[in-house]
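Remarks on the overall topology
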Amino acid sequence: MLSLDGLEMIAVLVVMGLFIKVLEQFGMFEPVGGEDSVEDDFELSTVCHRPEGLDKLQETTKFTKKELKVLYRGFKNECPSGVVNEENFKTIYSQFFPQGDSSTYAHFLFEAFDTNKNGSISFEDFVFGLSIILRGTITDRLNWAFNLYDLNKDGCITKEEMTDIMKSIYDMMGKYTYPNIQEDAPRDHVESFFEKMDRNNDGVVTIDEFIESCQKDENIMQSMQLFDNVI
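As the structure is a computational prediction, the values presented were derived from the model and not from experiment. (Residues numbered from 1 in each chain as written. Predicted model: local features only at pLDDT ≥ 70, side-chain atom pairs only at ≥ 80, totals over all residues. Heavy atoms only, no water.)

A few points about the overall build of the protein chain
Our working definition: Comment: elements are numbered from the N terminus, with helices defined as DSSP H or I runs of at least four residues and strands as E runs of at least two. Under the scheme applied here, a residue whose accessible area is under 20% of the maximum for its type counts as buried, over 50% as exposed, and between as partly exposed, the area being computed with a 1.4 Å probe on protein chains only. Working rule for contacts: check all heavy atoms of both residues, and any pair within 4.5 Å makes them a contact. Residue burial considers only the protein chains on display, and all accessible areas are found by Shrake-Rupley using a 1.4 Å probe.
Scanning the protein chain for helices and strands turns up 12 helices and 6 strands. Here the protein chain, with 231 residues, has 49% of them falling under the buried criterion. A separation threshold of at least 6 residues defines the contact pool for the protein chain, and within that pool the share at least 24 residues apart is 71%. Surface accessibility of the protein chain: about 11200 Å² in total, with carbon and sulfur atoms responsible for 48%.

Here's what the structure looks like:
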């Protein structure tokens with residue numbers, strides 16, 4: 001059973017922790033093989049979308065050529081066309097949460113990766129976001145998480161937005177939540193979240209309030225460091 005006590009703060013980490021599960025589906029944890037041509041994977045595969053050159057991706061992310069090679073092979077295996085649409089992303093995500101409904105949370109996560117807002121995630125979108133989550137500074141990671149929770153991208157998180165996030169997490173966890181979910185549990189967690197994050201009590205959480213509050217929470221800081229050596 002998974003206890004959701006204190007989820008108002010753990011929500012900062014949920015996007016990262018759950019996303020790691022999805023990385024397994026993309027073959028991210030395969031051992032890196034020999035020195036066979038990475039460029040062949042990038043240039044010769046028959047795909048609808050061809051990713052940027054390896055050297056450019058290495059310059060714009062914090063991954064090595066070997067790591068990009070593993071990432072691309074896993075991505076290409078799951079997405080032969082070179083892109084993943086929202087429906088496929090939800091299908092992949094749902095495999096890890098059969099006890100609940102992960103569709104809404106997967107939608108929010110898809111929106112965070114679809115930076116071009118074209119309805120699909122390319123390999124570039126994938127590795128740019130992944131580079132922030134796994135290799136970015138604490139501030140980089142918190143900025144990314146804030147952008148996820150700021151659903152309408154207006155620069156602040158409202159109670160309504162955080163309620164939608166919390167409900168989607170509860171829905172995704174389904175019957176494995178403990179204790180059994182009460183109807184008002186997401187709302188209670190949102191209120192607690194705002195008590196800790198909304199420093200000036202104006203009813204919204206800004207990026208500065210969010211980062212400051214998270215950086216002062218020792219548990220969050222220690223937990224975020226767990227992602228430093230994922231790949």
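Let's talk about the environment of glutamate 87
Relative to the assigned elements, glutamate 87 resides in helix α5 (residues 86–94). Exposure remark for glutamate 87: the relative accessible area of 59% places this residue in the exposed category. Glutamate 87 sits 19 residues away from alanine 106 along the chain, and the two C-alpha atoms are 9.5 Å apart.

Let's talk about the pattern of salt bridges
What counts, and what does not: Just to be clear on terms, a salt bridge is a Lys or Arg side-chain nitrogen sitting within 4 Å of an Asp or Glu carboxyl oxygen.
Considering all chains together, one arrives at 7 salt bridges under this definition. For glutamate 67, the salt bridge is made with arginine 135, and the minimal N-O distance between the two is 2.9 Å. Linking glutamate 67 in helix α4 (residues 65–78) with arginine 135 in helix α7 (residues 123–135), this pair joins segments that are 68 residues apart in sequence. The exposure class assigned to glutamate 67 is buried, which follows from its relative accessible area of 16%. In this structure, arginine 199 engages glutamate 212 in a salt bridge whose closest nitrogen and oxygen atoms are separated by 3.8 Å.

Considerations on the confidence of the model for the protein chain
We apply this condition: Every residue is assigned a pLDDT by the predictor, reflecting its confidence on a scale from 0 to 100.
Per-residue pLDDT for the protein chain has a mean of 77; in total, 71% of the residues score no lower than 70. Throughout residues 25–41 the model reports pLDDT below 50, and contacts reaching past four residues in sequence, or to other chains, amount to 41 contacts. Confidence drops under a pLDDT of 50 for residues 43–47, and excluding neighbours within four residues, the segment shows 11 contacts in the predicted structure.

Overview of the side chain of serine 131
With respect to the helices and strands, serine 131 occurs in helix α7. Overall, the relative accessible area of 6% leaves serine 131 in the buried class.

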